[in-house]
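# Structural overview
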Amino acid sequence: MRIFLKASFVLILCIPCISNCQNVQRDSFYVANWNMENLYDIVADSTKNDKEFLPDSPRQWNDDKYEQKLSNLAKVINYMNNGCGPDILTVEEVENINVLKRLIYKLTDRDYIVVHRDSPDERGIDVGLLYDRSIFDIDSLAALHVELPDHNPTRDILHVVLIHKKNKEKIHVYVNHWPSRRGGEVKSNSNRVAAAEVLKRSLDTLASTSPKSNVIIIGDFNDEPNNESIEQYLGAKDFNCGSETNLTFVNLAYKKFLNNEGSYLYNGKFNMLDQIIISTTFLDGNSLEYECNSFDIIKPFFMISQEGNRKGSAIPTFIGSKYLGGYSDHFPVGAKFIVKGK
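Figured I'd write up the structure that's included with this text. Everything numeric here is computed off the predicted structure, so don't read it as measured data. Along every chain, residues carry numbers that run from 1 in the direction the sequence is written. Per-residue local features of the predicted model are confined to residues with pLDDT of at least 70, and side-chain atom pairs are confined, for both listing and counting, to 80 or more; whole-chain, interface and lining totals are unaffected and use all residues. Side-chain measures were taken over the full set of non-hydrogen atoms in the model, leaving aside hydrogen atoms and water.

### Considering the pattern of salt bridges
As a working rule, side chains carrying opposite charge can pair if their charged atoms are close by. For this analysis, a salt bridge means a side-chain nitrogen from Lys or Arg found within 4 Å of a carboxyl oxygen belonging to Asp or Glu. Within the structure shown, the criterion is met by 22 salt bridges. When the shortest N-O distance is used, the salt bridge between R102 and D63 registers 3.7 Å. Of the two residues, R102 is situated in helix α3 (residues 97–104) and D63 in helix α2 (residues 63–83); the sequence distance between them amounts to 39 residues. A salt bridge links K170 to D139; the shortest N-O distance between them is 3.7 Å. Here K170, found in strand β7 (residues 170–177), pairs with D139, found in strand β5 (residues 136–144); they are 31 residues apart in sequence, far enough to count as distant. Shared partners join several salt bridges into a network, and the residues in it are D63, E67, R102 and K106. We count a stretch as a helix when DSSP gives it H or I for four or more residues in a row; a strand needs E for two or more, and each element gets its number in order from the N terminus.

Have a look at this one:
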């Protein structure tokens, strides 16, 4: 196992089963993102600060709670895409490859493969990607290291290149979990700018070598669409679907943000931290196309808190050390894309 973890990418296969969604049309695909809020196993890791999520911790994180967390996550994932699950799912706050392996064993309606790399975050939380191997092949994987001004370790940016099996188009997916706002939004801003600069360098290199690349930039950015890191450094802005634009990247989450919607509740206000940004190659009417207005914040009724000061928010696993047995403190987001040709 340790050998595979050091490989360029890790493939974990899920045994497929027959369902109504096995024969979903291949003329479209659905992409979703979800910060899974501390998806830890119950095994101590001496290389990580995972003490909060162990059986002898104040939270008493044990196999029953871990198993309940996995079942809850699977329930939401299966709800996505009209009950068929996403074709590509990017995730944040997962401890290792093993938790994702345990998760996909519960997603039996799809033949998912997991792509993951360990990153240097102190708490050991990583990003990852699941894709349906009946729809996509993997071409390559790179982990982009982010060096912060204070040199504290943080999450890598995962760059996964997938190939759609129907029309052979490559899709560059960048999975992000940028540094938090701990210490205040202004004080911590330079950390997220540092992550944006790393991503921008990779995007610039890609543009110089393959200017018509299909790019999906996705994840929990810990910034909102109008913040400096996203709107200025990445140049990802609002747009009107169906109209011409001279932008290189557009932010699918922008209109929800302007409507005061969000994926994460903080101090009684929803923040649009979880976003999907796409290259405008998805708007040119060629082989892959964004389905206008399909971006959504995924809010299954069973995941929404119905009372208290968190009414309307996602039900988390814990509030402080109090166990709620919920899902995550973030709602997922998703969008649909149309496949043309071949």
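Next, the rest of the story.
### Side note on unusual backbone geometry
Located in the positive-phi region is E37, a residue other than glycine, with phi close to 50 degrees. For E37, the location among the structural elements is in strand β1 (residues 28–39). Per-residue accessibility, obtained with a 1.4 Å probe over protein chains only, is compared with the maximum for each type, and a residue is labelled buried under 20%, exposed over 50%, and partly exposed between these values. On the basis of relative accessible area, E37 is assigned to the buried category, the value being 9%.

### As for the state of the cysteines
Two cysteine sulfurs form what is called a disulfide whenever their separation falls within 2.5 Å. Using the criterion set out here, one finds one disulfide in the structure. Covalently, C241 is tied to C292 through a disulfide, its sulfur atoms 2.0 Å apart. Residues C241 and C292 share a disulfide whose torsion about the S-S bond is about -80 degrees; that sign makes it left-handed. A residue pair is termed long-range when its members are at least 10 positions apart, and C241 in the loop between β9 (236–237) and β10 (249–251) and C292 in the loop between β14 (288–290) and β15 (296–297) qualify at 51 residues.

### Let's talk about the side chain of E95
With respect to the element layout, E95 can be found in the loop between β2 (88–94) and α3. Setting aside residues up to four positions removed in sequence, E95 forms contacts with L39, Y40, D41, V43, D45, K48, D50, D118, G124 and D126. Residue contacts are counted whenever heavy atoms from the two residues lie within 4.5 Å of one another.

### So, the packing of α2 against α3
Angles here are taken between N-to-C directions and fall from 0 to 180 degrees, while the axes themselves are lines fitted to C-alpha atoms, restricted in helices to the stretch in contact. Two elements in contact, α2 and α3, have axes whose closest approach is 9 Å; the angle formed by their N-to-C orientations is 60 degrees. Taken as axis vectors, α2 and α3 run oblique relative to one another. Helix-helix and strand crossings are classified by hand; for α2 and α3 the assignment is right-handed. Contacts between α2 and α3 involve D63, Y66, E67, L70, L73, A74 and I77 from the first element and N98, V99, R102 and L103 from the second. When residues are grouped by polarity, Ala, Val, Leu, Ile, Met, Phe, Trp, Tyr, Cys and Pro land in nonpolar, Asp, Glu, Lys and Arg in charged, and all others, Gly among them, in polar. In terms of residue class, the contact of α2 with α3 is built from seven nonpolar, one polar and three charged. An angle below 35 degrees is treated as roughly parallel, one above 145 as roughly antiparallel, one from 65 to 115 as roughly perpendicular, and anything else as oblique. By definition, turning the near helix anticlockwise from the far helix through less than a right angle yields a left-handed crossing, and turning it clockwise yields a right-handed one.

### A few points about the sheet that holds strand β6 (residues 157–164)
Ordered in space as β5-β6-β7-β8-β13-β10-β9, the seven strands form an open sheet in which the pairing is mixed. This sheet does not close on itself; its edge strands, each paired only once, are β5 and β9. Sheet contacts for helix α4 (residues 185–209): β5, β6, β7, β8 (214–220) and β10; angle to β7, the most-contacted strand, approximately 170 degrees. What makes two strands pair is DSSP finding at least two bridges between them.

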